[in-house]
Each structure stands twice: as structure tokens, then as C-alpha cells.
Amino acid sequence: MSTSRHSLFKPLIISLLAALAMMAVWFTLSAGADDALCWFALVAAADIALLERWMRSRDQRSPAWIAPVLTFLCCLASLWLITALNVSFATGFGLHTSAGGMGFGLFGNLLAMRLQPLDWSLLAASPVLALVLAKTGISGRRQSP
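Keep in mind that what you see is a predicted model, and the values were worked out from it rather than measured.

(A) Geometry of the overall build of the chain. Scanning the chain for helices and strands turns up six helices and zero strands. Looking at the chain as a whole, 37% of its 145 residues are labelled buried. By sequence separation, contacts in the chain at least 24 residues apart represent 74% of the contacts at least 6 residues apart.

(B) Molecular detail of the side chain of Thr83. Positionally, Thr83 belongs in helix α3 (residues 66-91). Here Thr83 falls in the buried class, since its relative accessible area comes to 6%. For Thr83, the side chain forms a polar contact with the main-chain oxygen of Leu79, separated by 2.7 Å. Residue contacts for Thr83: discarding those within four places in its chain leaves Met102, Phe107, Leu110 and Leu111.

(C) Broad picture of the side chain of Ser78. Here Ser78 is to be found in helix α3. At 2.8 Å, the side chain of Ser78 forms a polar contact with the backbone oxygen of Cys74. What Ser78 contacts, discounting residues up to four positions off in sequence, is Met23 and Trp26.

(D) Geometry of the packing of helix α2 (residues 40-55) against helix α6 (residues 117-134). Two elements in contact, α2 and α6, have axes whose closest approach is 8 Å; the angle formed by their N-to-C orientations is 20 degrees. The angle between α2 and α6 places the two elements in the roughly parallel class. By crossing handedness, the relation of α2 to α6 is classed as right-handed. Contacts between α2 and α6 involve Ala41, Leu42, Ala45, Ala46, Ala49, Leu50, Glu52 and Arg53 on the former and, on the latter, Leu122, Leu123, Ala125, Ser126, Leu129, Ala130, Leu133 and Ala134. Of the residues belonging to the contact of α2 with α6, the class tally is 13 nonpolar, one polar and two charged.

The rules behind the values
- Residues numbered from 1 in each chain as written.
- Predicted model: local features only at pLDDT ≥ 70, side-chain atom pairs only at ≥ 80, totals over all residues.
- Heavy atoms only, no water.
- Helix = DSSP H or I, 4+ residues; strand = E, 2+ residues; numbered from the N terminus.
- Buried < 20%, exposed > 50% of the residue type's maximum accessible area, 1.4 Å probe, protein only.
- Contact = heavy atoms within 4.5 Å.
- Polar contact = N/O pair within 3.5 Å; in protein donor to acceptor, adjacent residues only side chain to side chain.
- Axes fitted to C-alpha atoms, helices over the stretch in contact; angles between N-to-C directions.
- Parallel < 35°, antiparallel > 145°, perpendicular 65-115°, else oblique.
- Left-handed = near helix turned anticlockwise from the far one by under 90°.
- Nonpolar A, V, L, I, M, F, W, Y, C, P; charged D, E, K, R; others polar.

This is how it looks when you write it as C-alpha cells:
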């Protein structure tokens with residue numbers, strides 16, 4: 001494996017695992033609260049970015065896109081599962097059937113009906129927060145002038 005591929009592999013896998021864990025927690029909390037809990041997008045962004053940052057070595061640099069892109073995908077997938085759960089409750093179909101059969105049009109319409117402007121703001125801020133917290137491309141050490 002080349003050095004550039006290896007330097008991409010570790011932060012990508014760490015961030016992906018963090019995103020999957022955040023999706024599971026977000027989905028579980030949302031199912032229990034019967035709400036989308038869009039504020040959790042900020043928690044997911046912080047977790048993904050900080051875990052990736054803490055796990056990289058001092059001299060390692062990560063591509064700038066990893067934390068914000070995986071945060072965005074985490075938010076999208078979590079909202080997809082939360083919406084599919086609501087569809088399955090409403091229709092009586094199973095979660096797997098609802099998640100697989102729900103198209104982007106229905107998903108977008110259901111989100112537009114359910115989410116408030118504050119929810120959209122929190123979702124939009126989460127990739128930005130991930131980018132800021134990860135300080136991607138910069139080593140964790142302070143550099144002297």
C-alpha cells in the first residue's frame with residue numbers, strides 16, 4: 001500500500017466507524033423520543049472530527065474533506081433511517097422495506113413537513129463544525145512563529 005493511500009485509509013476508517021456509531025446512537029435516541037433530534041448532528045460532527053483528530057499521529061495530515069463529508073453522510077443516513085421508521089409505523093411495513101422503498105422525493109417531502117428552520121440550521125452547521133474541530137491538514141502541535 002502506498003504512503004498516500006495509507007495516510008488516507010486510517011483517518012477515513014476511523015471517521016467512518018465514528019459516523020456509524022453516531023448513526024446508531026442518533027437513531028436509537030430518536031426512536032425513543034419520537035423526534036428527529038437534529039441537535040444530535042452537532043454531537044455527531046464533534047465526535048467524528050475529534051476522534052479522527054485524536055487518533056492521528058502528531059505528524060500525520062488528513063485530507064480536509066474527511067470529517068465534513070462523513071458528518072454530512074452520517075446526518076443523511078440517520079435522517080433516512082428515522083424517516084423510514086416513521087413510515088414503517090404509519091404503513092405497517094417493516095423498517096427494511098420502508099428504508100429500501102422510500103425514494104428521495106418522499107424522503108425530502110417528509111423532512112420538509114417535519115423539520116423546522118432551526119433543525120435545518122443545525123444540520124447545515126454540522127459539517128462546518130466538523131471541519132473546524134478536525135483542523136484537518138494541520139498537526140495537533142502548536143507551531144512556533
